[in-house]
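Here is how the chains run, residue by residue.
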Amino acid sequence: MIELLRRLLAPEPARLPEPDAQLALAALLVRVARTDGLYAAEEVERIDRVLARRYGLDPFATARLRTEAEALEAEAPDTVRFTRALKEAVPLEDRADLMTALWSVALADGLREAQEDRLMRLVANLLGLTDVESSLARQKAERE
């Protein structure tokens, strides 16, 4: 985890290998869930579902990845560099799905807070997505 943090916080983060990209995405999901000051059970369950589906993980591997992500998120101070590193790791055509996953976590607790909206706008921009693409991802997350 320390090595991943070092890479994420480098002035020019390099492309992340797959295990680190998984952990970085999981940590960003945790950051979105914690943005409103609550880390509700619904959000934890949604994170687990997203990770299991996206990476084909069993429940134990999913819980282990989320636990590592919670620790990484607590240590990673910079959402900007964190998200830019994910941008390098995730091809453009997959970033809308990433945004849908992030929105599904943000909406999991049934509340939509202003600070969550701000974070989601920032993350979409840093991932190279437009407001329209983010809005479409949010609508897809609401339908699911």
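Residues numbered from 1 in each chain as written. Predicted model: local features only at pLDDT ≥ 70, side-chain atom pairs only at ≥ 80, totals over all residues. Heavy atoms only, no water.

A. Representation of the overall build of the protein within the structure. When its secondary structure is counted, the protein shows eight helices and zero strands. In the protein, the order of α-helices and β-strands from amino to carboxyl end is α-α-α-α-α-α-α-α. Counting all 144 residues of the protein, 48% fall into the buried class. Restricting the contact set of the protein to residue pairs at least 6 apart, pairs at least 24 apart contribute 77%. Accessible area of the protein: about 7400 Å², with a carbon and sulfur share of 52%. (Helix = DSSP H or I, 4+ residues; strand = E, 2+ residues; numbered from the N terminus. Buried < 20%, exposed > 50% of the residue type's maximum accessible area, 1.4 Å probe, protein only. Contact = heavy atoms within 4.5 Å. Areas by Shrake-Rupley, 256 points an atom, 1.4 Å probe, with all protein chains shown as cover.)

B. Representation of the layout of surface pockets in the model. Looking at the largest pocket, its volume works out to about 240 Å³. Residue lining of the largest pocket: Arg46, Arg49, Val50, Arg53, Arg54, Asp97, Thr100, Ala101, Ser104, Lys140, Ala141 and Glu144, and that is the complete set. Ranked by the residues each element gives to the lining of the largest pocket, the list is headed by helix H3 (residues 41–55), at five residues. (1 Å grid on protein atoms, 1.4 Å probe; cavity = no way out; pocket = protein on both sides within 12 Å on 5 of 7 lines; lining within 4 Å. Points joined across faces, edges and corners; volume = space filled by probe spheres on them.)

C. Structural view of the side chain of aspartate 109. Position of aspartate 109 relative to the elements: it lies in the loop between helix H6 (92–106) and helix H7 (114–126). Salt bridges are absent for the buried aspartate 109, whose nearest opposite-charge side chain, arginine 46, sits at 9.3 Å. Excluding its chain neighbours within four sequence positions, the residues that come into contact with aspartate 109 are Asp36, Ala40, Glu42, Glu43 and Glu116. (Lys, Arg positive; Asp, Glu negative; His and termini not counted. Salt bridge = Lys/Arg side-chain N within 4 Å of Asp/Glu carboxyl O.)

D. Focus on the nonpolar core. If you look at the biggest cluster of nonpolar residues, it comprises 37 residues, and the most contacted ones within it are Leu29, Met99, Leu102, Trp103 and Leu127. Contributing elements (two or more residues each) for this core: helix H2 (18–34), H3, helix H4 (59–75), helix H5 (79–89), H6, H7 and helix H8 (131–143). The element contributing the most residues to this core is H2, with 10 residues. Ignoring any residue separated from it by four or fewer positions in sequence, one finds methionine 99 in contact with Met120, Val123, Ala124, Leu127, Leu129, Ser134 and Ala137. (Core = buried A, V, L, I, M, F, W, Y, C linked by side-chain atoms within 4.5 Å.)

E. Representation of the pattern of salt bridges. Per the stated rule, a full pass over the model turns up seven salt bridges. Its salt-bridge partner being aspartate 117, residue arginine 112 comes within 2.9 Å of it at the nearest N-O pair. Through salt bridges with shared partners, one network takes in Arg31, Arg34 and Glu73.

F. View of the environment of glutamate 116. Relative to the elements of secondary structure, glutamate 116 occurs in helix H7. Glutamate 116 gets classed as buried once you look at its relative accessible area, which sits at 2%.

G. Representation of the packing of aromatic side chains in the model. Scanning the entire structure with this criterion turns up zero aromatic pairs. A cation over an aromatic ring shows up here: arginine 34 above the ring of tyrosine 39, its NZ or CZ 4.8 Å from the ring centre. Of note, arginine 138 hangs over the ring of tryptophan 103, and the distance from its end group to the ring centre comes to 5.9 Å. (Phe/Tyr/Trp six-rings, centres within 6.5 Å; stacked < 30°, edge-to-face > 60°. Lys NZ or Arg CZ within 6 Å of the ring centre and 35° of its normal.)

H. Region of the structure containing H6. In this model, H6 (15 residues) spans 21 Å end to end at C-alpha, consistent with the 21 Å of a helix rising 1.5 Å per residue. Within H6 the residues assigned to the buried category are Arg95, Leu98, Met99, Thr100, Ala101, Leu102, Trp103, Ser104, Val105 and Ala106. (Expected span 1.5 Å × (residues − 1).)

I. Seen up close, the packing of H6 against H8. The interhelical angle for the contact between H6 and H8, taken along N-to-C directions, is 55 degrees, at an axis separation of 8 Å. For the element pair H6 / H8, the angle class is oblique. Crossing hand, H6 versus H8: right-handed. The segment H6 lies against H8, with Ala96, Asp97, Met99, Thr100, Trp103 and Ser104 engaging Ser134, Ala137, Arg138, Lys140 and Ala141. (Axes fitted to C-alpha atoms, helices over the stretch in contact; angles between N-to-C directions. Parallel < 35°, antiparallel > 145°, perpendicular 65-115°, else oblique. Left-handed = near helix turned anticlockwise from the far one by under 90°.)

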